[in-house]
Amino acid sequence: MSQTRVIFLGPKGTYSHQAALQQFGTDSDVEYIPTQSIPQCFDELEHDKEIAYSVVPLENSTNGQVVFSYDLLRDRMLQKDAKQIGKRVIPDLKVVGEQYVSITHCLLSAASITSVDQLTQYKHIKIYSHPQVWGQVTNYINDLKTKCSNVKFETIDTSSTSGAVVIAKEEQEKLDPSNKDTINLAVASETAGHLNKVNIVQHAVNDKLGNTTRFLVLQRQEEEAPSVKDDATKVSLLTFTIEQDEPGSLVDVLNILKDHSVNMSSIHSRPYNSASSPRKWQYVFFVEYTMDTNKTKMDAFYNQIADKCFQWCLWGTFPRNERYYQ
Ligand SMILES: O=C(O)C(=O)C[C@]1(C(=O)O)C=C[C@@H](O)C=C1
């Protein structure tokens, strides 16, 4: 049986890897292929027909949008050569699922320390992690700085959390084991720590318990989406732009959801600057909503959306993750 190839932000041991495993399981007919960056998770799925799915982070319960992913969706709706039918953009990718991963960050070290108290003996502490993490461990890092007030601190962005463990370990192994000048640490999952055989200096360092990241499962538009139970609650993700100088133009769009008893679950925006417009600062809006497809007249709903938008794109209608919401 041919393997289902799934790409995710690697290396193995990232929270994205965990999300992919939650979605597709550990059967031998699934091949998990790590990528170097979130943009690659979009590009490779679009261009490599051997890849079936991609799993990307979208938002975190502590520090909100993973803007890297939002901007990749935004840019695809706005790109000049996007396939368009009237005002509707038809993207090359669609959303077919979601996963929620409990994010429990650990402080990891390749040096032979096992307690934060031992950090005060160093002159320079370098901590590596994915930029989305810093907003989830702000208080923890500040407390560490207070505890090690005479130590120089440096936080360094990496392409992923488990990638941070690999780099911190490589940097630490360049130093003499007796060195007490610099120590290289990482903030990542316990799994990433075990995979890279490094010490867990401290468990659960995220500021908020229940810290969760939501991931989207992407597929190429033309592929057949996985089957969905008829009674499943379905979520839709819609992006759109409006004539922003028309007062009430955003409300006009949101009123369409209200008029059709569509329940909006989230709204976000991301700025963009269109060279073709005299306006310097515009927004793409992202709304997610659940609807009872037996009650909502879908054609009328989307025709009215089209009337009120400048451009719009339906990224997918996919099953709500029942395990997370039960
Ligand atoms: O670096 C990882 O482990 C990822 O899966 C990326 C990512 C993110 O971009 O938000 C996912 C979950 C965490 O919030 C931290 C990083």
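## Observations concerning the site of the ligand
Consideration 1: Around the ligand, the surrounding shell holds 16 residues, and the nearest of these are Y15, S16, Q136, T161 and T213.
Consideration 2: Residue S16 places a side-chain N or O atom 2.7 Å away from an oxygen atom belonging to the ligand.
Consideration 3: Between an oxygen atom of the ligand and a side-chain N or O atom of T161, the distance comes to 2.5 Å.
Consideration 4: In isolation the ligand offers 350 Å² of accessible surface; the protein chains occlude 100% of this area.
Consideration 5: When residues of the shell around the ligand are traced back to their parent elements, those giving at least two are α1 (15-24), β3 (53-60), α4 (131-134) and β13 (212-220).
Consideration 6: By residue class, the composition of the shell around the ligand is seven nonpolar, nine polar and no charged.
Consideration 7: Built from parts of two domains, the shell around the ligand gets at least three residues from each of domain 1 (4-102 + 212-325) and domain 2 (105-202).

## Comments concerning the environment of K208
Consideration 1: Within the secondary structure, K208 sits in the loop between β12 (199-202) and β13.
Consideration 2: Distance in space between the C-alpha atoms of K208 and S112 is 28 Å, their sequence separation being 96 residues.

## Overview of the state of the cysteines
One covalent bond between the sulfur atoms of two cysteine residues makes up a disulfide.
Consideration 1: Summed over all chains, the structure comprises zero disulfides.
Consideration 2: Between C41, a cysteine without a disulfide, and C313, which holds the nearest cysteine sulfur, the sulfur-to-sulfur distance is 19 Å.
Consideration 3: Lacking any disulfide linkage, C148 is separated from the closest cysteine sulfur, that of C106, by 18 Å.

## Digging into the side chain of R270
Consideration 1: In this fold, R270 is placed in strand β15 (residues 263-272).
Consideration 2: Judged by relative accessible area, which is 17%, R270 ranks as buried.
Consideration 3: For R270, the side chain forms a polar contact with the side chain of D71, separated by 2.6 Å.
Consideration 4: When near neighbours in sequence (up to four residues on either side) are disregarded, R270 contacts Q65, V67, Y70, D71, R74, Q282, Y283, V284 and F286.

## A few points about the pattern of salt bridges
Consideration 1: In total, this model carries 18 salt bridges according to the counting rule given.
Consideration 2: A salt bridge links D292 to K295, with the shortest nitrogen-to-oxygen separation between them at 3.9 Å.
Consideration 3: You can call D292 partly exposed: its relative accessible area is 32%.
Consideration 4: With relative accessibility at 68%, the residue K295 sits in the exposed group.

## Side note on the packing of helix α8 (residues 249-259) against helix α9 (residues 298-308)
Consideration 1: Following both chains from N to C, one finds α8 and α9 inclined at 170°, their axes separated by 9 Å at the closest point. The angle between α8 and α9 places the two elements in the roughly antiparallel class. Residues D252, V253, I256 and L257 of α8 touch α9, and the partners they reach there are F301, Q304, I305 and K308.
Consideration 2: A per-class count over the contact of α8 with α9 returns five nonpolar, one polar and two charged.

## Regarding the pairing of strand β14 (residues 234-241)
Consideration 1: Counting buried positions over the eight residues of β14 gives seven, a clear majority of the element.
Consideration 2: Relative to strand β17 (residues 311-319), β14 is paired through eight bridges, and the arrangement is antiparallel. The residue of β17 that forms the bridge with T239 is C313.
Consideration 3: Judged from the six bridges that link them, β14 and strand β16 (residues 282-290) form a sheet pairing that is antiparallel. Across the sheet, residue T239 finds its bridge partner in β16, namely F286.

## Side note on the domain arrangement of the protein chain
Consideration 1: When the domains of the protein chain are assigned, the result is domain 1 (4-102 + 212-325) and domain 2 (105-202).
Consideration 2: Computed over C-alpha atoms, the centres of domain 1 and domain 2 are 34 Å apart.
Consideration 3: The interface of domain 1 with domain 2 comprises 16 residues on the first partner and 17 residues on the second.
Consideration 4: At the boundary of domain 1 with domain 2, total buried surface from both sides reaches about 1,100 Å², with 54% on carbon and sulfur atoms.
Consideration 5: Our count for the domain 1 to domain 2 interface comes out at zero salt bridges.

The rules behind the values
- Residues numbered from 1 in each chain as written.
- Predicted model: local features only at pLDDT ≥ 70, side-chain atom pairs only at ≥ 80, totals over all residues.
- Heavy atoms only, no water.
- Near = heavy atom within 4 Å.
- Polar contact = N/O pair within 3.5 Å; in protein donor to acceptor, adjacent residues only side chain to side chain.
- Areas by Shrake-Rupley, 256 points an atom, 1.4 Å probe, with all protein chains shown as cover.
- Helix = DSSP H or I, 4+ residues; strand = E, 2+ residues; numbered from the N terminus.
- Nonpolar A, V, L, I, M, F, W, Y, C, P; charged D, E, K, R; others polar.
- Domains from an automatic or database assignment.
- Disulfide = S-S within 2.5 Å.
- Buried < 20%, exposed > 50% of the residue type's maximum accessible area, 1.4 Å probe, protein only.
- Contact = heavy atoms within 4.5 Å.
- Salt bridge = Lys/Arg side-chain N within 4 Å of Asp/Glu carboxyl O.
- Axes fitted to C-alpha atoms, helices over the stretch in contact; angles between N-to-C directions.
- Parallel < 35°, antiparallel > 145°, perpendicular 65-115°, else oblique.
- Pairing = 2+ DSSP bridges.
- Buried area = accessible area lost by both parts, 1.4 Å probe.

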